[in-house]
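Listed below are the residues making up each chain.
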Amino acid sequence: MDSMQTKLLSSKPTNLHICHQFTNLCRIKTCAFPVRDDRSFKLVSHQNDSPASQNLIYLPQRRHRHAIATNAHSSAHTYIVDKCDSDQVHSITKQERVGVLLLNLGGPDNLDDVQPFLYNLFADPDIIRLPRLFKFLQKPLAKLISVLRASKSKEAYASIGGGSPLLRITNEQAEALKKALQEKQLHADIYVGMRYWHPFTEEAIDQIKKDHITKLVILPLYPQFSISTSGSSIRVLNDIFREDGYFEGLPISIIESWYQRDGYIKSMADLIQRELLSFPNSDEVMIFFSAHGVPVSYVEEAGDPYKAQMEDCISLIIHELKSRGVKNSHVLAYQSRVGPVQWLKPYTDELIVELGQQGVKSLLAVPISFVSEHIETLEEIDMEYKELALESGIEKWGRVPALNCTSSFISDLASLVIEALPTATAVARARNNNGNDKDESDIMQYVVKMLFGSVIAFFLLFFPRFLSLFRNSSL
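Reference entry: report on the structure contained in this document. On a predicted model such as this, the values are computed, not experimentally measured, just so you know.

1. Re the overall build of the protein
Link 1 in the chain: A count of helical and extended segments in the protein gives 14 helices and 13 strands.
Link 2 in the chain: When the 475 residues of the protein are sorted by exposure, 56% land in the buried category.
Link 3 in the chain: Within the protein, counting contacts between residues at least 6 apart in sequence, those at least 24 apart form 78% of the total.
Link 4 in the chain: Summed over its atoms, the accessible surface of the protein is roughly 20,400 Å², and 50% of this surface lies on carbon and sulfur atoms.

Right under this line is the structure:
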């Protein structure tokens, strides 16, 4: 690529294991994307290492506005691709069979899937991190919480049609991306890997192997990076790549985040500007950005760049809107908090009430951390928050749709994939070492069987308030 300017720096992998307190009750902890010493990847970086950046391949772009120690895509120094000329693309397609793996959360297809979906969610050690001494309780505890929360979650999913639309929309995005890449003269196979429901990431990896992909781009469908979203999925992939001999020598590029891309920013501004026109007095409407929340400890103790990236993202969108003459006031809040710990503030529900008390009459909700419609947009925002807003004195309510398959958004994702291809670096399979986590010994398994009943009884008897926190919460 004649016009491409790039800098590649390798970084020595380090052994990072950062855990933080999730709740004092029952000594349950969450972990900020534990990354082991793994020499399978190289960094494309110009800044200090972030928790999730160890041993991975990234494509940097514009420098982050905030001084964050992160190697997130779009968060490092300039990586410029003026054009990807057709000759370069043709040379790639002639020599390689390119695959693109889209990563997402996943969701239950029907009401019967809700409880097992919740189980998979809470069985993730990046969601609930137990001390090593109590790791054997990970799955039993996930089972217990999922059963307690299933009823209310089923009600939420029933209200939007009986299941999550996330897989259908992600498949549509995959097909649209495939066509957009073809229009840019790149033929690639697109795969969808979900973290907590079918098709699981592991299923997508199996298909990639069957298709004999020779170069792979991994694209999480989360614009901003968080250890609880992209970080969890990348951890799973990292484990697979270390252990599976198929990936030894396979060039892979992992795009960590992409919220700063002009295509994404302009696509969001387009949707906001369009929805503002539906209000009778559009200049009086407050733009209400609502992002998925994370515990404060993720940011303050684990170094999660999510909050700073979100604030930077909002700043870029507002700057784009102002360049178009849109000067509405705006706020940012965080939704979907669960459990007894403190999450990023302000909380969406509390801020809606405050704005109503302050006399705000028109509110346009913008789901900023979601690129697809799902339970948190269709039920939490469209139903719960809309009702709360109207009860709080807000008279006019609107909501910007998720990007879904917006043509400008999909076209920019296609450009992102093409730009990532030159950074794909061959994976070197790591040797096993004594520092890796191992399965519990036979003795521990025996202890689990003997003590499981008594431990659960202990929870039920002495911590009923702890359990009720999950019974009254929904995804």
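2. Overview of the side chain of E380
Link 1 in the chain: Here E380 lies in helix α11 (residues 375-391).
Link 2 in the chain: Despite its burial, E380 remains without a salt bridge, the nearest opposite charge being carried by R337 at 7.4 Å.
Link 3 in the chain: Of note is the side chain of E380, whose polar atom sits 3.1 Å from the side chain of Q335.
Link 4 in the chain: Of note is the side chain of E380, whose polar atom sits 2.7 Å from the side chain of S336.
Link 5 in the chain: When sequence neighbours within four positions are dropped, the list of residues in contact with E380 reads Q335, S336, I375 and Y385.

3. A look at the nonpolar core
Link 1 in the chain: With 82 residues, the main nonpolar core has L101, L181, Y264, I272, F289 and I368 as its most contacted residues.
Link 2 in the chain: For this core, the leading source of residues is helix α12 (residues 407-420), giving eight residues.
Link 3 in the chain: Those residues in contact with I272, other than ones at most four positions away along the chain, are I287, F289, I317, L321, L364, V366 and V400.
Link 4 in the chain: The next biggest cluster of nonpolar side chains, apart from the first, holds 20 residues, and it includes F117, I127, L130 and L141.

4. Some points on empty space enclosed by the protein
Where empty space is left becomes clear once a probe the size of a water molecule has been rolled over the atoms.
Link 1 in the chain: Throughout the structure, instances matching the rule amount to four cavities of 30 Å³ or more.
Link 2 in the chain: What the largest cavity holds in volume is close to 720 Å³.
Link 3 in the chain: If you trace the largest cavity, you find 41 residues lining it, with L105, L121, T229, H292 and E376 closest to the centre.
Link 4 in the chain: Looking at the lining of the largest cavity residue by residue, the class counts come to 23 nonpolar, 16 polar and two charged.

5. A closer look at the sheet that holds strand β10 (residues 330-335)
Link 1 in the chain: Taken in spatial order, the four strands make up an open sheet running β10-β9-β11-β12, and their pairing is parallel. The outermost strands of the open sheet, each flanked by one partner alone, are β10 and β12 (396-399). Taken pair by pair, the neighbouring strands of this sheet meet at an average axis angle of 25 degrees, ignoring direction.
Link 2 in the chain: This element, helix α10 (residues 348-357), spans β9 (286-292), β10, β11 (362-367) and β12 of the sheet and lies at about 140 degrees to β10.

6. Regarding helix α6 (residues 230-243)
Link 1 in the chain: A rise of 1.5 Å per residue sets the reference length of α6, with its 14 residues, at 20 Å; its end C-alpha atoms lie 20 Å apart and thus fit the reference within 8%.
Link 2 in the chain: The element α6 is extensively covered by neighbouring structure, given that 12 of its 14 residues are classed as buried.
Link 3 in the chain: Those residues of α6 lying buried are S230, G231, S232, S233, I234, R235, V236, L237, N238, I240, F241 and R242.
Link 4 in the chain: The inward-facing, buried residues of α6 contact β5 (98-104), α5 (201-210), β7 (215-220) and β8 (251-254).

7. Description of the pairing of strand β6 (residues 188-194)
Link 1 in the chain: For β6, the tally of buried residues reaches seven of seven residues, placing the bulk of the element in the interior.
Link 2 in the chain: On β6, burial covers both faces: A188, I190, V192 and M194 on one face and D189, Y191 and G193 on the other are all buried.
Link 3 in the chain: Bridge analysis of β5 against β6 gives seven bridges, and the strand direction is parallel. Counted as the bridge partner of L101 is Y191 from β6.

Cut-off values and rules
- Residues numbered from 1 in each chain as written.
- Predicted model: local features only at pLDDT ≥ 70, side-chain atom pairs only at ≥ 80, totals over all residues.
- Heavy atoms only, no water.
- Helix = DSSP H or I, 4+ residues; strand = E, 2+ residues; numbered from the N terminus.
- Buried < 20%, exposed > 50% of the residue type's maximum accessible area, 1.4 Å probe, protein only.
- Contact = heavy atoms within 4.5 Å.
- Areas by Shrake-Rupley, 256 points an atom, 1.4 Å probe, with all protein chains shown as cover.
- Lys, Arg positive; Asp, Glu negative; His and termini not counted.
- Salt bridge = Lys/Arg side-chain N within 4 Å of Asp/Glu carboxyl O.
- Polar contact = N/O pair within 3.5 Å; in protein donor to acceptor, adjacent residues only side chain to side chain.
- Core = buried A, V, L, I, M, F, W, Y, C linked by side-chain atoms within 4.5 Å.
- 1 Å grid on protein atoms, 1.4 Å probe; cavity = no way out; pocket = protein on both sides within 12 Å on 5 of 7 lines; lining within 4 Å.
- Points joined across faces, edges and corners; volume = space filled by probe spheres on them.
- Nonpolar A, V, L, I, M, F, W, Y, C, P; charged D, E, K, R; others polar.
- Pairing = 2+ DSSP bridges.
- Axes fitted to C-alpha atoms, helices over the stretch in contact; angles between N-to-C directions.
- Expected span 1.5 Å × (residues − 1).

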